[in-house]
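# Overview (structure and organization)
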Amino acid sequence: MQENGTIFIADCDVKSRDLVSAFLTYKGYGITVAEVGTSFFDTLQKNNVDIVIADLAYLQSIAPDFEERSSMINPLMVLIGYSEASSDEHKKTSDDIFTIPKPINLDELESLVMRAREYQSMKLYDNSAGGSSQFQLLSATMIGTSPPMRALFEMISKVATSKATVLIQGESGTGKELAARAIHQLSDRHARNFVPVNCAAIPDDLLESELFGHVKGSFTGAYANRIGRFEMADRGTLFLDEIGDMKANLQVKLLRVLQNREFEPVGASKSQKVDVRIIAATNKNLEELVISRDFREDLYYRLSVIPIVIPPLRERREDIPVLIHTFLTRFNADKRHAVKGFSRDSLAILCNYEWPGNVRELENLVERLVILKGSGLIVPDDLPEKYLSGKISHPVSVQSPGLPSDNLLPEGGICLNSAVDEFENNLIMQALARSGGNKKEAALLLNLKRTTLIEKLKKKNLAFSED
Ligand SMILES: Nc1ncnc2c1ncn2[C@@H]1O[C@H](COP(=O)(O)OP(=O)(O)OP(=O)(O)O)[C@@H](O)[C@H]1O
Ligand SMILES: [Mg+2]
């Protein structure tokens, strides 16, 4: 980023765009000018932009919902062509938007940009100061210290305070519902209901009444008026899980609620207003469903105002040890058991496993091991067969000690400490095997003192009788 900040200019009027661009470049700003078309927000997210200068009419044509989304993106907006006359028609709703009339007075534009920069640094300061307790609250429920998890925590704390619709995508078991609950907990709606609806689990013909409620007699079996999940979530949060499974007819109805914030119970003649924050989630690829026409494009855009993607566990392996430790402590306490921990080699196996079921699979495995083992240390033999088969394909090879190789690092990364540890264990075990268990000879093969080898064996819980 330039010292003066990076500015993104969105204006289809080439003359005015070039003038602003040349002037601000001269003043020391980094300028990006791009044809953004309909992918305005995507372009912003991909580029590290501090301020957007946009022509109001142009912006309205490419991103009609820009006001709603403006507080959710980092850059501030300076709108050109926002005159007193147009202010009634297009009310400025966000503090993140600065306006200037047309024709542009360049000095006025510069002072506005400087004001926007000042405001921006104050806002960043406030967020980091006020954000720390939110961070603590989050990290107490959502475990993970990897860069993607930290970015996720930051995103969650940022979006929690707004009412914008959130779409959470990620493989099964990655923690989508946990993230949705965290957003609700950190929002000013936390004292009201968090209402989950699993769109895949409710039969199609019942989902509409489940969501919107029904009036008595509206269909066979509707013996009494019933309120729906939307009403239950009034002033709270509605969590629409497995949204990718929602059928086309309901997609239309949901779109209407998102647009107008009102709905009609099945069989009712009047619509009802509702104040609901919507968080949707899916483990399907919604963009692909849009392309195959199984999901409405307009609904997709309405839902993904704030898109959040939770990466699979195999892409953040450094979280595995801390998750194991947390689950172990929890299940030991729940079940009044006293499992001491995992041996280093069993931990190494788990760090290198692919985890197709993500955190849920890990949580279930730890629970099962705590129940079955009860006490002591969990060693590789305690692990179910499928985890051990991963051990064979362990990327660290003892065939070529010391020789750096190009293909040691697996696609999804590696838990370095565990890998180095296992490499060391393997060499020690080979040396002991070659020396017939004689530690003095094994130590010689490893260029170690005998006492150092014994110390290592103890530390690593590699049981070996004294000789
Ligand atoms: N980061 C995490 N820290 C602690 N527990 C987690 C984390 N992520 C997931 N879990 C736990 O894993 C389990 C699965 O999480 P959750 O139900 O939120 O996943 P999901 O993405 O909604 O899965 P699905 O797509 O199958 O519905 C839950 O028990 C949850 O508490
Ligand atoms: Mg879920």
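That block above? That's the structure.
Quick caveat, the model's predicted, so the values are computed rather than measured. (Residues numbered from 1 in each chain as written. Chains lettered and ligands numbered in written order. Predicted model: local features only at pLDDT ≥ 70, side-chain atom pairs only at ≥ 80, totals over all residues. Heavy atoms only, no water.)

Around ligand 1 lies a shell of 18 residues, among which Ile-143, Ser-172, Lys-176, Arg-360 and Glu-363 are the nearest. Here Ile-143 contributes a backbone N or O atom positioned 2.8 Å from a nitrogen atom of ligand 1. At a separation of 2.8 Å, an oxygen atom of ligand 1 approaches a polar side-chain atom of Arg-360. Starting from 630 Å² of accessible surface for ligand 1 in isolation, the protein chains cover 86%. Put simply, the parts of the chain that give the shell around ligand 1 at least two residues each are α8 (176-186), α14 (320-335) and α16 (358-373). The residue inventory of the shell around ligand 1, partitioned by class, reads 7 nonpolar, 6 polar and 5 charged. Counting the residues that make up the shell around ligand 1, at least three belong to each of domain 2 (142-311) and domain 3 (315-459). (Near = heavy atom within 4 Å. Polar contact = N/O pair within 3.5 Å; in protein donor to acceptor, adjacent residues only side chain to side chain. Areas by Shrake-Rupley, 256 points an atom, 1.4 Å probe, with all protein chains shown as cover. Helix = DSSP H or I, 4+ residues; strand = E, 2+ residues; numbered from the N terminus. Nonpolar A, V, L, I, M, F, W, Y, C, P; charged D, E, K, R; others polar. Domains from an automatic or database assignment.)

Before going further, it helps to examine the environment of Pro-196. Locating Pro-196 in the fold gives a position in strand β7 (residues 194-198). Among the residues examined, Pro-196 registers a relative accessible area of 33% and is labelled partly exposed. A C-alpha to C-alpha distance of 9.4 Å links Pro-196 and Arg-181, two positions 15 residues apart in sequence. Once you skip the residues sitting within four places of it in the chain, Pro-196 turns out to touch Glu-177, Arg-181, Arg-229 and Phe-239. (Buried < 20%, exposed > 50% of the residue type's maximum accessible area, 1.4 Å probe, protein only. Contact = heavy atoms within 4.5 Å.)

Here the focus is helix α7 (residues 147-160). Residues lying three or four places apart along an α-helix face the same way, a consequence of the helix completing one turn every 3.6 residues. For α7, built from 14 residues, the straight-helix expectation of 20 Å at 1.5 Å per residue is met to within 8% by its first-to-last C-alpha distance of 20 Å. Met-149, Leu-152, Phe-153, Ile-156, Ser-157, Val-159 and Ala-160 are the residues of α7 that are buried. (Expected span 1.5 Å × (residues − 1).)

Turning next to the packing of α14 against α16. Each packed pair of helices is defined by two parameters, the angle between the axes and the distance between the axes. Look at α14 against α16: their axes get within 9 Å of each other, and the N-to-C directions meet at 45°. Put simply, α14 runs oblique to α16. The two elements α14 and α16 cross, and the hand of that crossing is right-handed. Taken together, the residues of α16 that come into contact with α14 (itself represented by Ile-320, Leu-323, Ile-324, Phe-327, Leu-328, Arg-330, Phe-331, Asn-332 and Lys-335) are Val-359, Leu-362, Glu-363, Val-366, Glu-367, Val-370 and Ile-371. Partitioning the contact of α14 with α16 into residue classes produces 11 nonpolar, 1 polar and 4 charged. (Axes fitted to C-alpha atoms, helices over the stretch in contact; angles between N-to-C directions. Parallel < 35°, antiparallel > 145°, perpendicular 65-115°, else oblique. Left-handed = near helix turned anticlockwise from the far one by under 90°.)

What the rule picks out here adds up to 8 aromatic pairs. Between Phe-194 and Phe-239, the aromatic rings sit 5.8 Å apart at their centres with planes inclined by 25°, giving stacked as the arrangement. In this pair, Phe-194 sits in strand β7 while Phe-239 sits in strand β8 (residues 237-241), placing the two residues 45 residues apart along the sequence. The burial state of Phe-194 is the same as that of Phe-239; both residues are buried. Look at Trp-355 and Tyr-387: their rings are 5.5 Å apart centre to centre, the planes differ by 45°, and that puts the pair in the tilted class. (Phe/Tyr/Trp six-rings, centres within 6.5 Å; stacked < 30°, edge-to-face > 60°.)

All told, the structure shown has 20 salt bridges when counted by the stated rule. With a closest N to O distance of 3.0 Å, Arg-330 and Glu-363 form a salt bridge. Taken as a pair, Arg-330 in helix α14 and Glu-363 in helix α16 lie far apart in primary sequence, 33 residues in all. The class for Arg-330 is partly exposed, based on a relative accessible area of 36%. (Salt bridge = Lys/Arg side-chain N within 4 Å of Asp/Glu carboxyl O.)

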